[in-house]
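Here is what each chain is made of, one letter per residue.
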Amino acid sequence: SRLFGVSAELMRATAGFASSSEDLAKNLLMGLYSDETSEEIRTRLQNSLAAELKRSASNLRRTATRESMAHPQQADVEAIARLYEENSGNLDRLAALCGADVALLRMSPPADGTDFAIKFLKGFYSLY
């Protein structure tokens, strides 16, 4: 007989390992009372996840993603462009100063201070 997905026989055989209800709970969570192999557990988990994904997918709705095309304020562009110029376009320093992701800066390096400012303000150099 199986209780909570564990073998009752295995629980009886290893009962001495649990000196308290807390020990019993810990042993249960560690899998001490399970006679399933790793492959059986993996298969059961995959089947369970696949069923849950199918069930959840039916609740999803298609949506249109809108991207803002608004141009940043000129004063903001000028201030950040000035920061770019003051740091001679050093991407590492700019990333540290602005909180930008240096890997994204290197993937799409700015042509100049204005380009950096616009891309930065539009979120091109942010992971979030």
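A. Region of interest: the overall build of the protein chain. Broken down by element type, the protein chain carries seven helices and two strands. Order of helices (α) and strands (β) in the protein chain, N terminus to C terminus: β-β-α-α-α-α-α-α-α. Relative to its length of 128 residues, the protein chain is extended, with a C-alpha radius of gyration of 28 Å against a globular reference of 14 Å. Evaluated residue by residue, the protein chain yields a buried proportion of 20% over its 128 residues. Within the protein chain, contacts between residues at least 6 apart in sequence are counted, and of these 39% link residues at least 24 apart. Entry remark: accessible area of the protein chain is about 9,900 Å², with carbon and sulfur atoms responsible for 55%. Averaging the locations of the 15 positively and 17 negatively charged side chains of the protein chain gives two centres separated by 7 Å.

B. Representation of the side chain of Asn27 in the model. Structurally, Asn27 is set in helix H2 (residues 21-30). Overall, the relative accessible area of 9% leaves Asn27 in the buried class. In this structure Asn27 touches Phe17, Ala18, Leu32 and Tyr33, once residues within four positions along its chain are discounted.

C. How the structure looks around the pattern of salt bridges. The tally for this structure, following the rule as stated, stands at five salt bridges. Of the charged contacts, one joins Arg42 and Glu39 as a salt bridge, the two residues approaching to 2.7 Å between their closest N and O atoms. One end of the pair, Arg42, and the other, Glu39, are both in helix H3 (residues 38-57), three residues apart, so they sit about a helical turn from each other. For Arg42, a relative accessible area of 42% puts it in the partly exposed group. The residue Asp92 makes a salt bridge to Arg106 at a minimum N-O spacing of 2.6 Å. Placement of the pair is Asp92 in helix H5 (residues 91-98) and Arg106 in helix H6 (residues 102-107), with a sequence separation of 14 residues. Judged by its relative accessible area of 43%, Asp92 is partly exposed.

D. Geometry of the packing of aromatic side chains. Per the counting criterion, the structure on display carries three aromatic pairs. Taking 5.8 Å as the distance between ring centres and 25° as the angle between the ring planes, the aromatic pair formed by Phe116 and Phe120 counts as stacked. Within this pair, Phe116 and its partner Phe120 are both found in helix H7 (residues 113-121), separated by four residues, close to a single helical turn. For Phe120, a relative accessible area of 23% translates into the label partly exposed. Between Phe116 and Tyr125, the aromatic rings sit 5.8 Å apart at their centres with planes inclined by 20°, giving stacked as the arrangement. The buried category is assigned to Phe116, whose relative accessible area is 0%. On the basis of relative accessible area, Tyr125 is assigned to the buried category, the value being 2%. An aromatic cluster is built from Tyr84, Phe116, Phe120 and Tyr125, whose rings are joined through pairwise contacts.

Conventions we followed
- Residues numbered from 1 in each chain as written.
- Predicted model: local features only at pLDDT ≥ 70, side-chain atom pairs only at ≥ 80, totals over all residues.
- Heavy atoms only, no water.
- Helix = DSSP H or I, 4+ residues; strand = E, 2+ residues; numbered from the N terminus.
- Rg over C-alpha atoms; globule rule 2.2 N^0.38 Å.
- Buried < 20%, exposed > 50% of the residue type's maximum accessible area, 1.4 Å probe, protein only.
- Contact = heavy atoms within 4.5 Å.
- Areas by Shrake-Rupley, 256 points an atom, 1.4 Å probe, with all protein chains shown as cover.
- Lys, Arg positive; Asp, Glu negative; His and termini not counted.
- Charge placed at Lys NZ, Arg CZ, Asp CG, Glu CD.
- Salt bridge = Lys/Arg side-chain N within 4 Å of Asp/Glu carboxyl O.
- Phe/Tyr/Trp six-rings, centres within 6.5 Å; stacked < 30°, edge-to-face > 60°.

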